[in-house]
There are 2 protein chains.
Amino acid sequence: MVLNIGGTSMRLLMRPLEDDQVSVFAITLFVALLCACIVIGHLLEKNRWINESITALAIGLITGTILLFTTEGRSSHVLVFNEEFFFIYLLPPIIFNAGFQVKKKQFFRNFMTITLFGVAGTLISFGVISFGSAQLFKHLNVGLLELSDYLALGAIFSATDSVCTLQVLNQDETPILYSLVFGEGVVNDATSVVIFNALQKVDLSHITSDVALRFTVSLSYLFLTSTLLGVAVGLLSAYIIKKLYFGRHSTDREVALMILMAYLSYMIAELFSLSGIMTVFFCGIVMSHYTWHNVTDNSKVTTKHAFATLSFISEIFIFLYVGMDALDIEKWKVVGKSPGTSVGVSAILLILVMVGRAAFVFPLSLISNLTQKLASNKIGLKHQVTIWWSGLMRGAVSMALAYNQFTRSGHTQLMGNAIMITSTISVVLFSTMVFGLITKPLISFMLPLQNHSTGPSESELSSTKPFMVPLLPNGQDEQIEMNGCEVTRVGSLRMLLMTPSHTVHYYWRKFDDAYMRPVFGGRGFVPHVPGSLTESLLQ
Amino acid sequence: MVLNIGGTSMRLLMRPLEDDQVSVFAITLFVALLCACIVIGHLLEKNRWINESITALAIGLITGTILLFTTEGRSSHVLVFNEEFFFIYLLPPIIFNAGFQVKKKQFFRNFMTITLFGVAGTLISFGVISFGSAQLFKHLNVGLLELSDYLALGAIFSATDSVCTLQVLNQDETPILYSLVFGEGVVNDATSVVIFNALQKVDLSHITSDVALRFTVSLSYLFLTSTLLGVAVGLLSAYIIKKLYFGRHSTDREVALMILMAYLSYMIAELFSLSGIMTVFFCGIVMSHYTWHNVTDNSKVTTKHAFATLSFISEIFIFLYVGMDALDIEKWKVVGKSPGTSVGVSAILLILVMVGRAAFVFPLSLISNLTQKLASNKIGLKHQVTIWWSGLMRGAVSMALAYNQFTRSGHTQLMGNAIMITSTISVVLFSTMVFGLITKPLISFMLPLQNHSTGPSESELSSTKPFMVPLLPNGQDEQIEMNGCEVTRVGSLRMLLMTPSHTVHYYWRKFDDAYMRPVFGGRGFVPHVPGSLTESLLQ
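An unreviewed UniProt entry lists chain A under the name Cation/H+ exchanger transmembrane domain-containing protein, with Trapa incisa as the source organism. Under the Subcellular location (unreviewed entry) heading, UniProt states for chain A: "Membrane".

**Student:** In this structure, what is going on with the overall build of chain A? I would like to understand it.
**Tutor:** Counting secondary structure elements, chain A contains 22 helices and two strands. Taken across its 539 residues, chain A has 61% of its residues classed as buried. A fraction of 82% describes how many contacts in chain A between residues 6 or more apart in sequence connect residues 24 or more apart. Split by element, the accessible area of chain A, about 21500 Å² in all, is 68% carbon and sulfur.

**Student:** Help me out: how do you make sense of a nonpolar patch on the surface in this one?
**Tutor:** Residue and element names in this part refer to chain A. Residues F108, F111 and M112 make up a contiguous nonpolar surface patch of roughly 310 Å² in combined accessible area. Among the secondary structure elements, F108 is positioned in helix α5 (residues 104–109). According to the relative accessible area criterion, F108 is partly exposed, its value standing at 37%.

**Student:** Looking at this model, I keep getting lost on the environment of D512(A). Mind explaining?
**Tutor:** All names here are of chain A. Within the secondary structure layout, D512 lies in helix α21 (residues 500–520). Using a relative accessible area of 2% as the deciding quantity, one classes D512 as buried. A C-alpha to C-alpha distance of 9.5 Å links D512 and G522, two positions 10 residues apart in sequence. In this structure D512 touches H289, Y290, R517 and P518, once residues within four positions along its chain are discounted. Here Y290 takes part through its side chain, which lies 2.6 Å from a polar atom of the side chain of D512.

**Student:** Mind showing me how you'd approach the packing of helix α11 (residues 251–271) of chain B against helix α12 (residues 276–289) of chain B here?
**Tutor:** Any two packed helices are characterised by the angle at which their axes cross and by the distance between the axes. Residues and elements named next belong to chain B. Remark: α11 packs on α12, axes separated minimally by 8 Å, with the N-to-C direction vectors making an angle of 150°. Considered as vectors, α11 and α12 are oriented roughly antiparallel to each other. Judged by the sense of rotation from one axis to the other, the crossing of α11 with α12 is right-handed. Contacts between α11 and α12 involve M258, M261, A262, S265, Y266, A269 and E270 from the former and G276, I277, T279, V280, C283 and M287 from the latter. Looking at the contact of α11 with α12 residue by residue, the class counts come to nine nonpolar, three polar and one charged.

**Student:** What is the right way to read the side chain of T160(B) from this model?
**Tutor:** Residues and elements named next belong to chain B. Among the secondary structure elements, T160 is positioned in the loop between α7 (147–156) and α8 (162–168). Since its relative accessible area comes to 2%, T160 is described here as buried. The residues contacting T160, other than those within four sequence positions of it, are T165, E184, N188, D189, R357, G391, M393 and R394.

**Student:** Quick question: what am I supposed to make of the pattern of salt bridges here?
**Tutor:** Where charged atoms from two side chains of opposite charge come close, those side chains can pair. All names here are of chain A. Applying the stated criterion to the full structure yields six salt bridges over all chains. Measuring nitrogen to oxygen at the nearest pair gives 3.2 Å for the salt bridge that ties D513 to R517. Separated by four residues within a single helix, D513 and R517 lie in helix α21, roughly one turn from each other. D513 sits in the partly exposed class, given a relative accessible area of 27%. Each of D512, D513 and R517 takes part in one network of salt bridges that share partners.

**Student:** Could you clarify how one ought to interpret unusual backbone geometry in this entry?
**Tutor:** Phi is mostly negative for residues that are not glycine, and the peptide bonds are mostly trans. Even without being a glycine, S273(A) presents a positive backbone phi close to 55°. Residue position: S273(A) is located in the loop between α11 (251–271) and α12 (276–289).

**Student:** Which parts of the structure should I look at to understand the environment of G234(A)?
**Tutor:** By the secondary structure assignment, G234(A) is in helix α10 (residues 209–244). Separated by 206 residues in sequence, G234(A) and T28(A) have C-alpha atoms that sit 35 Å apart.

**Student:** I would appreciate a short explanation of the packing of helix α17 (residues 396–406) of chain B against helix α18 (residues 415–446) of chain B in the present structure.
**Tutor:** All names here are of chain B. As a packed pair, α17 and α18 sit with axes 10 Å apart at the nearest point and diverge in direction by 180°. Comparing their axes, α18 and α17 come out roughly antiparallel. Residue-level contacts link S398, M399, A402, Y403 and F406 of α17 to N417, M420, I421, T424, I425 and V428 of α18. When the residues that make up the contact of α17 with α18 are grouped by side-chain class, the tally is eight nonpolar, three polar and no charged.

**Student:** Before we go on, may I ask you to explain the state of the cysteines in this structure?
**Tutor:** When the sulfur atoms of two cysteines share a covalent bond, that bond is a disulfide. Scanning all chains against the criterion turns up zero disulfides over all chains. C37(B) provides the cysteine sulfur closest to C35(B), a residue in no disulfide bond, and the two sulfurs are 9.2 Å apart.

**Student:** Got a minute to help me understand the packing of aromatic side chains in this structure?
**Tutor:** Aromatic ring pairs are defined here through the distance separating the ring centres and the angle between the ring planes. All names here are of chain A. Here the structure, examined in full by the defined rule, presents 42 aromatic pairs over all chains. Pairing F85 with Y89 gives two aromatic rings, centres 5.6 Å apart and planes at 50°, and the pair type is tilted. Taken together, the positions of F85 and Y89, both in helix α4 (residues 83–101) and four residues apart, correspond to about one turn of that helix. Relative to W389, the ring of W388 has its centre 5.9 Å away and its plane inclined at 65°; by these criteria the two rings are edge-to-face. W388 sits in the buried class, given a relative accessible area of 16%. Joined through ring pairs, the aromatic side chains of F30, F85, Y89, F317 and Y321 make up one cluster. When the ring centre of W292 is taken as reference, the NZ or CZ atom of K300 above it lies at 5.5 Å.

**Student:** What exactly am I supposed to notice about the nonpolar core here?
**Tutor:** Inside soluble globular proteins, nonpolar side chains tend to come together where they are buried. Within the largest apolar cluster, 282 residues are counted, with the highest numbers of intra-cluster contacts made by F86(A), F137(A), F281(A), F86(B), F137(B) and F281(B). The element contributing the most residues to this core is helix α9 (residues 175–199) of chain A, with 14 residues.

**Student:** Is there a simple way to think about the confidence of the model for chain A in this case?
**Tutor:** In low-pLDDT segments, the atomic positions of the prediction should not be examined closely. Residues and elements named next belong to chain A. When the pLDDT values of chain A are averaged, the result is 75; 76% of them are 70 or greater. Averaged pLDDT values over the elements of chain A bottom out at 32 in helix α1 (residues 2–19) and peak at 92 in α11. Note that residues 450–493 has pLDDT below 50 and, in this model, 84 contacts with residues that lie over four places away or in other chains. Segment residues 529–539 is flagged for pLDDT under 50; beyond a separation of four residues in sequence, or across chains, it makes 22 contacts in the model. For this predicted complex, the interface score ipTM comes out at 0.79, alongside a pTM of 0.80.

**Student:** Help me out: how do you make sense of the environment of L177(A) in this one?
**Tutor:** Residues and elements named next belong to chain A. On the secondary structure map, L177 appears in helix α9. Residue classification places L177 among the buried residues on the basis of a relative accessible area of 2%. Each C-alpha atom, one on L177 and one on Q106, is 9.7 Å from the other, the two residues being 71 residues apart in sequence. Sequence-distant contacts of L177, defined by excluding residues within four places in its chain, comprise L169, F182, H383, T386, I387 and L447.

Cut-offs used in this document
Residues numbered from 1 in each chain as written. Chains lettered and ligands numbered in written order. Predicted model: local features only at pLDDT ≥ 70, side-chain atom pairs only at ≥ 80, totals over all residues. Heavy atoms only, no water. UniProt positions renumbered as here; feature names shortened; annotations may be inferred. Helix = DSSP H or I, 4+ residues; strand = E, 2+ residues; numbered from the N terminus. Buried < 20%, exposed > 50% of the residue type's maximum accessible area, 1.4 Å probe, protein only. Contact = heavy atoms within 4.5 Å. Areas by Shrake-Rupley, 256 points an atom, 1.4 Å probe, with all protein chains shown as cover. Patch = residues over 30% accessible without salt bridge, like charges linked within 9 Å, V, L, I, M, F, W, Y side chains within 5 Å. Salt bridge = Lys/Arg side-chain N within 4 Å of Asp/Glu carboxyl O. Polar contact = N/O pair within 3.5 Å; in protein donor to acceptor, adjacent residues only side chain to side chain. Axes fitted to C-alpha atoms, helices over the stretch in contact; angles between N-to-C directions. Parallel < 35°, antiparallel > 145°, perpendicular 65-115°, else oblique. Left-handed = near helix turned anticlockwise from the far one by under 90°. Nonpolar A, V, L, I, M, F, W, Y, C, P; charged D, E, K, R; others polar. Disulfide = S-S within 2.5 Å. Phe/Tyr/Trp six-rings, centres within 6.5 Å; stacked < 30°, edge-to-face > 60°. Lys NZ or Arg CZ within 6 Å of the ring centre and 35° of its normal. Core = buried A, V, L, I, M, F, W, Y, C linked by side-chain atoms within 4.5 Å. pLDDT = per-residue confidence, 0-100.

Below is the structure:
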């Protein structure tokens, strides 16, 4: 009797939820799978091939298959891939955390190279993939595709998966490579999204030099304003927290304000159609340079790990999502009529992705090397190959753009659109699984001089390292990064012999200490909290 | 030209988002308002009348008014109050955090009283309000209301606002009062939701003693299973984290797993139509007792503050939401035709809420006092008045239940339904604003012996206190709570003189140390992390 009542009231409690698209069952299943991914990912950590992304993708695929059988082939996914959900909720924490945890010195030292790779490189890749697909798809029976579709394909497959890159590369093991590939990935994602959006409004029947010029101006304008917006919001958060002395009253309020203002920067950028990805990335950098030093010790530990955790959950969520959505029966049914074409298209796209990336990594590395005077700053051939390989993975950004282009107004029934969607899924799955599997061993093989620790992972190491910093001698020119791992002493004589970017960095430091830090706070510019014993340990 | 391109691409970027119900503008506005609430709330903190809930409500009302004027009276709210959103995303973090941070000893010492107040009290209040409204509304012209509507009103207005209670009462200033009122609030919320759901399935035309019996059995069954589920999930998380040694590898993974498993407990409870509120509350208690001691120091600091921050953001969100939604023009237009009736209904409901609460606080306190032998455990008259007053606020749970009952199948156009919705809004606004404003000064007046600090707030104090704990002498019987504020030494002789609940606690401690902690971890049962300097400070 009791069970009966329970059963009836269950339906009653579910009733209002059924009306909504979000079902309690779907959320429960997803959260349970996320837990499973973390546990299994942890158990497989010692394995040098597998990473967390691949685990999540595999679990997603397996769950999709099980659902497919239990629902007797009707449906394999409990949540349909939704690009708004991805761009509004899942992507911001990942990119913000990347900016927040990035080694600022490495990033800005390689700033020019990163920008060159991210903007010029993406444009080259876009050109190669668009032209290549337009030429090669003619020989296949792929249904009706217009010029705009080919250009869209170029933008879709130029977006490197910066999420997967984060998983495969390690900031502490290969710092230069990490900052180059990941920094490029962020700029590259932004460039792809900008190209994609710009394409949808340019009149493609009249491509003139005027259009190209407007396109370039528009791109520069977007990059500049997006960066400035991120910097402005970051500085505002630093100023508010420093001025109002939040931390002396409530750690929770400080942390809440940092999270909300970071998210606000992204949403404002999206509202004014700037690149939210770039905005939130630079907001993260500014917050880690100023705001983070204005808060209490508890807030420092909390923000560092809470942001990393949110990013971590979003990453697994995305791969789980992509894995489960890959088995969508509808699209595969349409494609199933001509399996050969589908395989051909996927293979061509994969090859174009590889060629397109090679077409800019090697030439641009050459240009970058020509501008560098110090041999240590030049990019060697082995590094070039690693950069090329590490950026081959395609992920959720490509998926989201492809869904936007090819499922508009429910056109998945069309042959051409269905093939493009399934091919995107195939490329994403193949590149993440196969390229992703090989990347870790490849880096060990190509760059064997680096120390590949097999002990505790880096995220744990970096979190305990700050405690060791005060043991090192203190000096005026010493630069201790947020993670406390990088301590360099720059003599004034050596300074003159160094490359321009170092001198720029020197003047920036002077400006920062003289004008910025007194206003916005930062290391050494915020009074100590009385009564907090860990202050000296954590600083 | 550039701006023009920006403008066009803005529309393009917005295009897919416009399709969705969630607009970028609404989210941006909400996040900006949340930031404003935190800053203004911080500035008003010294004010002894205002609390954060009232600030958020006021900002919501002001924004609603501005929107009303700028849209020329068409709409005042950018997001419509959505009960699924509230129950699935906003409520769980608040209740989980309450369980996680609650002083376990105080809570379990008063467990019987809390259950008595929460279950029997809510039933009495439900009866008084249902009967009272059915009798009194006859004399007003309130449109067509059925018996089920009156019973629903009873359930709706029996739900104390535990969120607001958390804001007004302070765990460190008035610990006994806090655990009584808040603990009662959690059980009370759960009881109201259970009554509400049960009502919708009982055939009200045949109320017999059989129905009453089934109702009681169903209620007990739900409370028991909900609690057990929460305990089970909490223990599972402790076991997994202890067994797999997560912390030695990644703090982020630990924190992610704790967040996800806490949420999972809530969702499983909802899926099986148990009381998610009770489940997640007990899951929080178990996690703070076992799981929290199995993680690294960084995870300890992070979880403590991350959970509090999430809860804090959800709380402000709810009040902002309620404030903005209060000015929904549609409902007020219908009601506007008979303003007298609307005011009358609101006033009657307010009085019934006060009478209903008085009808159980004073009699049940008497019963509770009769069972207590020690004078110090008895509830004095001043405390009774404070308990009565502190639970008068009605909040988001009432709103959500009212929307569920009176807006089903778009019946807001009906006179009776519209009046019930606007009256609910009026009662929520009035009780939160007016009762809320008076509560803090009332407590100071009624219980002046307590120490009311005006320095740094308690959340900051409690977060620095753990560092002081190792300075105190260690003993076998010493009981250090998670917050480190409560250190009591219980002699074996005194033990015999104490009330039964203390002896139960003593045996529970023995059982815990002998069987539970060796399996699930807990204070003193987890090996130290080598190389972590703060270990001794944070333990």
